[in-house]
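So you can see what is in the structure, the chains are spelled out below.
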Amino acid sequence: MPRPRVYLSPPHTFPIERELLLDAFDSNWVAPLGPHVDAFEREMAERLGVAHAAALSSGTGALHLALLLLGVGPGDEIPVSTLTFSATANAVTYCGARPVLVDATAASWTIDPALLAQEIEDAARRGRAPKAVIPVDLYGQCADYEPIRQVCARHGVAILEDAAEALGATYRGRPAGSQGDLAVLSFNGNKIITTSGGGMLLSDRKDWIDRARFLATQARDPAPHYQHSTIGYNYRMSNLLAALGRGQLRSLAERVAARRAHNAFYRAAFADLPGIDFMPVAPYGEWNGWLTCLTVDPAAFGADREAVRLALEAENIEARPVWKPMHLQPVFRELGCRVVGGAVSERLFDRGLCLPSGSSLAEQDRARVVEIVRASRR
Ligand SMILES: *Cc1c(COP(=O)(O)O)cnc(C)c1O
């Protein structure tokens, strides 16, 4: 009998979430609006110190609406981190625009502020400063916003923060999700809190969030009949799922603590192994521990990343390569997206591995991961 699968980042639920979910059900607010949606938005905005929030059906939908609010459309080029999940770059194409794929820095694995600044300055010299940039708070670690803000302010470029993976992290004492002019969270099943599927758009600008709610509910003009002057979307979050999200949010601190404890455990357990390096924790903030990621130098370690991953897989343990950079993805190659740098993220993809990191990960499973990784050396 194979052992039960150990997942990378499975959902983790508590009784309070069941209670809130049943409350939503029993109230008959089984709709993409209702008191739990309003409360979830309020509670999240308060926690992150942002004035306004719209709960949506996904982080991807939130990215799409944010780009529409910023007026991004055909002919626009939007610099994004190439080392990310595809949704970041996909959302740009939904608007008819093209992502410009900017490399990561080895210091934090997030977008390289120097390369990004160079890209913005070059575009500005051509009279075409981008309308927005999308830094990604990768694996729960914020991008380096101070230098990004400086160059963006100089050229009137909006910052859209993709904080899908980073709820609970901070940058210079302020929460992920409060760094951009607009910010996006995800509550997908594998994220640090989940609504099974869902997302949120946050901003201090009320007009933007009001407009996002309007677009997300099919862009219905104020009229007794159904009237539309704009193309709308069906992107609102269900009241049932918002109830679940409110419950999950209450234990965010415990979730962060559990994931960071896994990271500390893995670091201590591999400290003596040559060729194993963890994703650096940048000095400018606190990460949320979403996924513990490391790189395997095959010459020094005695096995490559794939050998380690397959050894774990053989024991029914899920581990995954670090995100495959967008500039290596066939779809963005075919679109002819420009690439700025690329070698750092290529190397991280080549050598990087994400280990089981869920807040419900059992100590004995974590110990097995360590044992198997150690034994995978030749
Ligand atoms: C998960 C994720 C998204 C997409 O969020 P969904 O809620 O799954 O649509 C976007 N960007 C990044 C970096 C993500 O990890």
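Residues numbered from 1 in each chain as written. Predicted model: local features only at pLDDT ≥ 70, side-chain atom pairs only at ≥ 80, totals over all residues. Heavy atoms only, no water.

> Break down the overall build of the protein chain for me, citing the residues and quoting the values.
Within the protein chain, the regular secondary structure consists of 14 helices and 15 strands. Relative to the 2.2 N^0.38 estimate, which gives 21 Å for 378 residues, the radius of gyration of the protein chain is 21 Å and therefore close to what a compact globule would have. For the protein chain, the spread of C-alpha atoms along the three principal axes comes to 70 × 60 × 35 Å. A sequence separation of at least 24 residues applies to 72% of the contacts in the protein chain between residues at least 6 apart. A total of about 15800 Å² of accessible surface is found on the protein chain, and carbon and sulfur atoms cover 53% of it. Of the side-chain charges in the protein chain, 40 are positive and 42 negative, and the distance between the mean point of each set is 1 Å. (Helix = DSSP H or I, 4+ residues; strand = E, 2+ residues; numbered from the N terminus. Rg over C-alpha atoms; globule rule 2.2 N^0.38 Å. Contact = heavy atoms within 4.5 Å. Areas by Shrake-Rupley, 256 points an atom, 1.4 Å probe, with all protein chains shown as cover. Lys, Arg positive; Asp, Glu negative; His and termini not counted. Charge placed at Lys NZ, Arg CZ, Asp CG, Glu CD.)

> Could you give an account of helix 2 (residues 35-48), with specific residues and numbers?
For helix 2, which comprises 14 residues, the first-to-last C-alpha distance of 20 Å matches the rise-based estimate of 20 Å (1.5 Å per residue) to within 8%. Within helix 2, the full set of buried residues consists of His-36, Val-37, Ala-39, Phe-40, Glu-41, Met-44, Ala-45 and Leu-48. Downstream of helix 2 by a residue or two, Gly-49 has a phi angle that is positive, lying close to 70°. (Expected span 1.5 Å × (residues − 1). Buried < 20%, exposed > 50% of the residue type's maximum accessible area, 1.4 Å probe, protein only.)

> Report on the environment of Pro-113, specifying residues and quantitative values.
By the element assignment, Pro-113 lies in helix 5 (residues 113-125). For Pro-113 and Glu-146, which are 33 residues apart along the polypeptide, the C-alpha to C-alpha distance reads 9.0 Å. Setting aside residues up to four positions removed in sequence, Pro-113 forms contacts with Thr-105, Asp-144, Pro-147 and Ile-148.

> Help me get a handle on the domain arrangement of the protein chain, residues and values and all.
According to the domain assignment, the protein chain contains domain 1 (15-250) and domain 2 (252-375). Inter-centroid distance (C-alpha atoms) of domain 1 to domain 2 is 25 Å. With 49 residues of domain 1 at the interface, the matching set in domain 2 holds 40 residues. Buried area between domain 1 and domain 2, summed over both chains or domains, comes out near 3800 Å², and the portion from carbon and sulfur atoms is 60%. The largest per-residue losses of area from domain 1 upon contact with domain 2 belong to Trp-109, Tyr-139 and Ile-192, which jointly make up 23% of the total buried on that side. (Domains from an automatic or database assignment. Buried area = accessible area lost by both parts, 1.4 Å probe.)

> So what about the sheet that holds strand 3 (residues 98-102)? Which residues, and what values?
Pairing between the strands of a sheet is mediated by backbone hydrogen bonds and can be parallel or antiparallel. Read across the open sheet, the three strands follow the order 2-3-14; overall the sheet is parallel. The open sheet terminates on both sides in strands that have one partner only, identified here as strand 2 (77-81) and strand 14 (339-340). With two bridges connecting them, strand 3 and strand 14 associate as parallel partners. The partner of Leu-101 across the bridge, within strand 14, is Val-339. Relative to the sheet, helix 5 contacts strand 2, strand 3 and strand 14, its axis offset from that of strand 3 by approximately 135°. (Pairing = 2+ DSSP bridges. Axes fitted to C-alpha atoms, helices over the stretch in contact; angles between N-to-C directions.)

> Pulling in residues and values, what's your account of the packing of aromatic side chains?
Scanning the model with the defined rule gives 11 aromatic pairs in all. Judged by centre distance (6.0 Å) and plane angle (5°), the rings of Tyr-139 and Trp-323 are stacked. Within this pair, whereas Tyr-139 is found in the loop between strand 4 (132-133) and helix 6 (145-155), its partner Trp-323 is found in the loop between strand 13 (320-321) and helix 12 (330-334), the two being separated by 184 residues in sequence. Three or more aromatic residues joined by ring pairs make a cluster, and in this case those are Phe-85, Trp-109, Tyr-139, Trp-290 and Trp-323. Above the plane of the ring of Phe-349 lies Arg-305, whose end atom (NZ or CZ) is 5.9 Å from the centre. Geometry around Phe-265 places Arg-366 over its ring, the cationic atom sitting 4.0 Å from the centre. (Phe/Tyr/Trp six-rings, centres within 6.5 Å; stacked < 30°, edge-to-face > 60°. Lys NZ or Arg CZ within 6 Å of the ring centre and 35° of its normal.)

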